[in-house]
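Fold and contact review
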Amino acid sequence: MRGLRVHLTGSAAKSCHGALLRTAHTFVQAFVKAVVAKGGGLVVGAGSEPQGDCGEPCIFDWTALQIVAEARDPAPEWPTLRPERFVAVASQRGLEKVPDYRAEEALP
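Read on for a plain summary of the structure. Computed from a prediction, not measured in an experiment: that's the story for all the values here.

**Quick word on the nonpolar core**
One finds L8, L21, V28, V32, L42 and A64 to be the most contacted residues of the largest nonpolar core, which totals 15 residues. At the level of elements, α1 (18–37), β2 (41–45) and α2 (61–70) are the ones that each hand at least two residues to this core. When sequence neighbours within four positions are dropped, the list of residues in contact with L21 reads A12, C16, C54, E56, P57, C58 and F60.

**Observations concerning the pairing of β2**
Where strand β1 (residues 5–7) and β2 come together, 3 bridges link them in parallel fashion. If you follow R5 over to β2, its bridge partner there is G41. Following the backbone out of β1, through α1 and into the adjacent parallel β2, one traces a crossover that is right-handed. Relative to strand β3 (residues 86–89), β2 runs parallel, the two sharing 4 bridges. Note on β3: the bridge partner recorded for G45 is V89.

**Describing the packing of aromatic side chains**
Overall, the coordinates contain 1 aromatic pair when judged by the stated rule. Pairing F27 with F31 gives two aromatic rings, centres 6.1 Å apart and planes at 20°, and the pair type is stacked. Of this pair, F27 and F31 both sit in helix α1, 4 residues apart, roughly one helical turn.

**A short note on the environment of T23**
Looking at the secondary structure, you find T23 in helix α1. In this structure, the C-alpha to C-alpha distance between T23 and G3, residues 20 residues apart in sequence, is 28 Å. For T23, the side chain forms a polar contact with the main-chain oxygen of A19, separated by 2.9 Å.

**Section: the sheet that holds β2**
Two strands in a sheet stick together by hydrogen bonds in their backbones, pointing the same way (parallel) or opposite ways (antiparallel). The 3 strands lie next to each other as β1-β2-β3, forming an open sheet whose pairing is parallel. Strand pairing shows two members of the sheet lacking a second neighbour, β1 and β3, which therefore form its edges. Taking the axes of each pair of neighbouring strands and ignoring which way they run, one obtains an average angle of 20° across the sheet. Packing against the sheet, α2 makes contact with β2 and β3, and its axis sits at approximately 140° to β2.

**Some thoughts on the environment of L4**
Summarising the element assignment, L4 is placed in the segment before β1. Judged by relative accessible area, which is 47%, L4 ranks as partly exposed. Contact partners of L4, with chain neighbours within four places excluded, come to G40, G41, W78 and R82.

**What to know about the pattern of salt bridges**
Within this structure, the stated rule accounts for 2 salt bridges. Its salt-bridge partner being D53, residue K14 comes within 3.6 Å of it at the nearest N-O pair. Remark: D53 occurs in the loop between β2 and α2 and K14 occurs in the loop between β1 and α1; sequence separation between them is 39 residues. Each member of the pair, K14 as well as D53, is classed as exposed.

About the criteria used
Residues numbered from 1 in each chain as written. Predicted model: local features only at pLDDT ≥ 70, side-chain atom pairs only at ≥ 80, totals over all residues. Heavy atoms only, no water. Core = buried A, V, L, I, M, F, W, Y, C linked by side-chain atoms within 4.5 Å. Buried < 20%, exposed > 50% of the residue type's maximum accessible area, 1.4 Å probe, protein only. Helix = DSSP H or I, 4+ residues; strand = E, 2+ residues; numbered from the N terminus. Contact = heavy atoms within 4.5 Å. Pairing = 2+ DSSP bridges. Right-handed = clockwise from strand over helix to strand, strands pointing away. Phe/Tyr/Trp six-rings, centres within 6.5 Å; stacked < 30°, edge-to-face > 60°. Polar contact = N/O pair within 3.5 Å; in protein donor to acceptor, adjacent residues only side chain to side chain. Axes fitted to C-alpha atoms, helices over the stretch in contact; angles between N-to-C directions. Salt bridge = Lys/Arg side-chain N within 4 Å of Asp/Glu carboxyl O.

Rendered as structure tokens:
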């Protein structure tokens, strides 16, 4: 896993049951923590965070990014010959859709 990136993508239906969606987010959190701990990297999207009918996010990008942001030292095992370990991909339109509460979190 060390030196490799995982492309995390996917979404849930807006009508997804809340308990199932929370379970999916918990799985993503555990998966991302394991990837980081094993020296892996991530590629995720950045943009809007649509909410399901239950009030939970229907996508998992921000869940993954939150784990990376909370990591004590998110890149100690990353090979120096590779560029960035964590890559967030976004279009200009996607950046315009970043929720205000997420944009505020990203500011120093």
